[in-house]
Amino acid sequence: MLRDNLLSEIFTDFDESIFSDGSIDPMGLRIIWTSIGSKIFHNKLNTISTDIKFYTLNLFHHYLLQKCISEDEDSVNKLIRKKPYYNKSDLFEGLVIFLENLLTNATFNVGDSSLMVPGKNKLGNLKRNDAKKQTVEKISVNRDKGILVRQYLLGIHGRHKGPFQQMGVFNENAEDIYNNPNIWKEAADIFKTKPWKEAADLLTDLIKNKLLKSNTKSGSFIEYKVEDILTQDITEKYVALLNKEIYYKDSIRTFWLNRLGLNQDTAGTLYKEYLKQTSKEINYQKIIVNANKASNDQFLGAINAIEPLLTLIDKCINRILSAATVDIDPVLISFIDQWLNKNEVDENKIKSYLSVTYINQEAINRLQKLLDIYTAAKKVDKPAEHFIIHLIKYHQDIMKSRGNLHWVSIGTDNKISVHRSNYISNQYLAYLESKGWVNSYYLPTVHSLHKGLVNETA
């Protein structure tokens, strides 16, 4: 029996995306590489929505809602424009949270530890420790009543809302999000076969005949006891949708490759190069470099110019943040000198990409300051010392602008105080000394999504 995630005793389900920049990005580099990556993938990819199963389940939920709402507009109109559903968005978002909570309850009830959905661990803890809590006993058509504390942001819909808008699955007008008929025609073709159809029939009946025709007291949110709506049939049919084998279908693969833009432009060039990789250990740097050589693409050129500097900055600051650092000693100077003297940074190439065509204005400002620190250090008598001092000062400025405490400070006598340190093992030191890139520009997300679409063991 697997142990429950101990973090869920305190927080909601563990979620590595919950951070402030100040907690993981001491030099403010994230805004630079994500700016380029977002332009390449047109904001359709991120680092937290990486499972094609949840992309498709979210599409399925909204397909159900679009179908029920279009077929029963009168019931919708009777519910909206008054408390508690003041507009369509209130109702639609409440309905999708309802479905997510229903799926979570169904998955929990099956008792299979290999099946995971957002909120499952949290529900288990609530059942053990607070079984009378409303979110345990009832499910509401209310965007603010998810099993997760921030279900609307961290649930299946929340994680995919932005990408769905960028892909054109959703209209940005919250009152008319289902206005692309071609999307829902394609979705209907995907979900007309087993096991989707069986689940769709049951859930459509639930939405139309219970949720949209609820006898809930006027002014109250629609809600039901879990035991009154989660039948064994719904549980079995719903949980069947978590079987990864059902996602290896041409219709699903074609839909997502087209919507994610992985068949065209720079994203398509990268994906084509990614597909050539045969090793289990994917080398994202190699993919980008080779794709750039093959295509001479301007965005890939930007990455190849900018990433060597970002890597230099990232690895140098992490070496400075060693628990053993107390001053600018010969060992630290030697490490910094190695990076300043032996790297692939081309100042002129970087300058040619300091344009909003490639990165946003804030990223340009940060990149220019970092480049200035680097070029100034190369011109003085003590380059390593100059670089360290100004790198730390830049870090302090970044953290101050965020309202966060800085991780490291330096005195007038060049004594260094590390307030949030790294333990640098021999293996980690070898990584810091290597010239391998730090950032991979959403290619791990591409890799993860691809694995969900293709049965490579077949």
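Quantities reported herein were computed from a predicted structural model and do not represent experimental measurements.

Enquirer: Is there a simple way to explain the overall build of the protein in this structure?
Expert: Tallying secondary structure elements over the protein gives 23 helices and four strands in all. A principal-axis box enclosing the C-alpha atoms of the protein has dimensions of 80 × 50 × 45 Å. Relative to its full complement of 458 residues, the protein shows a buried share of 51%. Sequence-distant contacts in the protein: of pairs separated by 6 or more residues, those separated by 24 or more amount to 75%. Summed over all atoms, the accessible surface of the protein reaches about 22,100 Å², with 47% contributed by carbon and sulfur.

Enquirer: What is the right way to look at the pattern of salt bridges in this model?
Expert: Following the criterion strictly, the structure yields 18 salt bridges and no others. Taking the shortest distance from any N to any O, the salt bridge between Lys67 and Glu71 comes out at 3.0 Å. A residue pair is termed a helical-turn pair when its members lie 3 or 4 positions apart in one helix, as Lys67 and Glu71 do in helix 3 (residues 52–71) at four residues. Overall, the relative accessible area of 44% leaves Glu71 in the partly exposed class.

Enquirer: Any chance you could explain the nonpolar core here in plain terms?
Expert: Grouped burial of nonpolar side chains is what soluble globular proteins tend to show. Within the largest apolar cluster, 141 residues are counted, with the highest numbers of intra-cluster contacts made by Phe41, Leu59, Phe60, Leu91, Trp256 and Phe387. If one sorts the elements of this core by residue count, helix 17 (residues 298–320) sits on top with 13 residues. Those residues within four positions of Trp256 in sequence are excluded, and the remaining contacts are Ile52, Tyr55, Thr56, Leu59, Phe164, Met167 and Leu453.

Enquirer: Before we go on, may I ask you to explain helix 14 (residues 250–259) in this structure?
Expert: One full turn of an α-helix is made of 3.6 residues, so residues set three or four places apart face in the same direction. Every buried residue belonging to helix 14 is among Ile252, Phe255, Trp256, Leu257 and Arg259, and all of these are buried. On its buried side, helix 14 packs onto helix 3, helix 9 (156–167), helix 10 (181–190), helix 11 (196–211), helix 15 (265–274) and helix 23 (443–453).

Enquirer: Whenever I open this one, the environment of Met167 confuses me. Can you help?
Expert: Here Met167 is to be found in helix 9. Sequence-distant contacts of Met167, defined by excluding residues within four places in its chain, comprise Lys44, Tyr55, Trp256, Arg259 and Leu260.

Enquirer: Would you mind going over the packing of helix 15 against helix 23 with me for this structure?
Expert: Packed helix pairs are specified by the crossing angle of their axes together with the interaxial distance, meaning the distance between the axes. Following both chains from N to C, one finds helix 15 and helix 23 inclined at 65°, their axes separated by 11 Å at the closest point. In this structure, the crossing between helix 15 and helix 23 has a hand that is right-handed. Where helix 15 abuts helix 23, its residues Leu270, Tyr271 and Tyr274 lie against Leu443, Val446, His447 and His450. Classifying every residue of the contact of helix 15 with helix 23 gives five nonpolar, two polar and no charged.

Enquirer: Mind showing me how you'd approach the environment of Tyr224 here?
Expert: With respect to the helices and strands, Tyr224 occurs in strand 2 (residues 223–225). Overall, Tyr224 belongs to the buried group, its relative accessible area being 16%. Along the chain, Tyr224 and Lys210 lie 14 residues apart, while their C-alpha atoms are 9.2 Å from each other. Look past the residues within four positions of Tyr224 in its chain and what remains in contact with it is Glu137, Lys138, Ile139, Lys210, Leu211, Ser214 and Ile229.

Enquirer: For this particular structure, what's the right way to read the side chain of Ser49?
Expert: By secondary structure assignment, the location of Ser49 is in the loop between helix 2 (30–41) and helix 3. For Ser49, the residues in contact, after removing those within four places along its chain, are Tyr55, Arg159, His160, Thr445 and Leu449.

Enquirer: Help me understand the packing of aromatic side chains, please; the structure alone is not making it clear to me.
Expert: Aromatic ring pairs are described here by two measures, namely the spacing of the ring centres and the angle between the planes. One pass over the structure, following the stated rule, counts 21 aromatic pairs. Pairing Tyr353 with Tyr358 gives two aromatic rings, centres 5.0 Å apart and planes at 80°, and the pair type is edge-to-face. Accessibility assignment for this pair places Tyr353 and Tyr358 in one class, buried. Taken together through their ring pairs, the aromatic side chains of Tyr55, Phe92, Phe164, Phe170, Tyr178, Trp184, Phe255 and Trp256 make up a single cluster. Of note, Lys53 hangs over the ring of Phe54, and the distance from its end group to the ring centre comes to 4.9 Å. Sitting over the face of the ring of Tyr152, Arg143 holds its NZ or CZ atom 3.6 Å from the ring centroid.

Enquirer: Help me out: how do you make sense of the confidence of the model for the protein in this one?
Expert: Caution applies to low-pLDDT regions: their predicted coordinates should not be interpreted in detail. For the protein, per-residue confidence averages 92 on the pLDDT scale, and 95% of positions sit at 70 or higher. Here residues 1–20 scores under 50 on pLDDT; set against residues more than four positions off or in separate chains, the count is 31 contacts.

Enquirer: What is the right way to read the packing of helix 11 against helix 13 (residues 232–239) from this model?
Expert: Relative to each other, helix 11 and helix 13 sit at 135°, their axes nearing to 8 Å. Here helix 11 is positioned oblique relative to helix 13, judged by the angle of their axes. The interaxial crossing formed by helix 11 with helix 13 has left-handed handedness. Here helix 11 contributes Glu198, Ala199, Leu202 and Leu203 to the contact with helix 13, which in turn contributes Asp233, Ile234, Lys237 and Tyr238. Across the contact of helix 11 with helix 13, the residue classes tally to five nonpolar, no polar and three charged.

Parameters and conventions
Residues numbered from 1 in each chain as written. Predicted model: local features only at pLDDT ≥ 70, side-chain atom pairs only at ≥ 80, totals over all residues. Heavy atoms only, no water. Helix = DSSP H or I, 4+ residues; strand = E, 2+ residues; numbered from the N terminus. Buried < 20%, exposed > 50% of the residue type's maximum accessible area, 1.4 Å probe, protein only. Contact = heavy atoms within 4.5 Å. Areas by Shrake-Rupley, 256 points an atom, 1.4 Å probe, with all protein chains shown as cover. Salt bridge = Lys/Arg side-chain N within 4 Å of Asp/Glu carboxyl O. Core = buried A, V, L, I, M, F, W, Y, C linked by side-chain atoms within 4.5 Å. Axes fitted to C-alpha atoms, helices over the stretch in contact; angles between N-to-C directions. Left-handed = near helix turned anticlockwise from the far one by under 90°. Nonpolar A, V, L, I, M, F, W, Y, C, P; charged D, E, K, R; others polar. Phe/Tyr/Trp six-rings, centres within 6.5 Å; stacked < 30°, edge-to-face > 60°. Lys NZ or Arg CZ within 6 Å of the ring centre and 35° of its normal. pLDDT = per-residue confidence, 0-100. Parallel < 35°, antiparallel > 145°, perpendicular 65-115°, else oblique.

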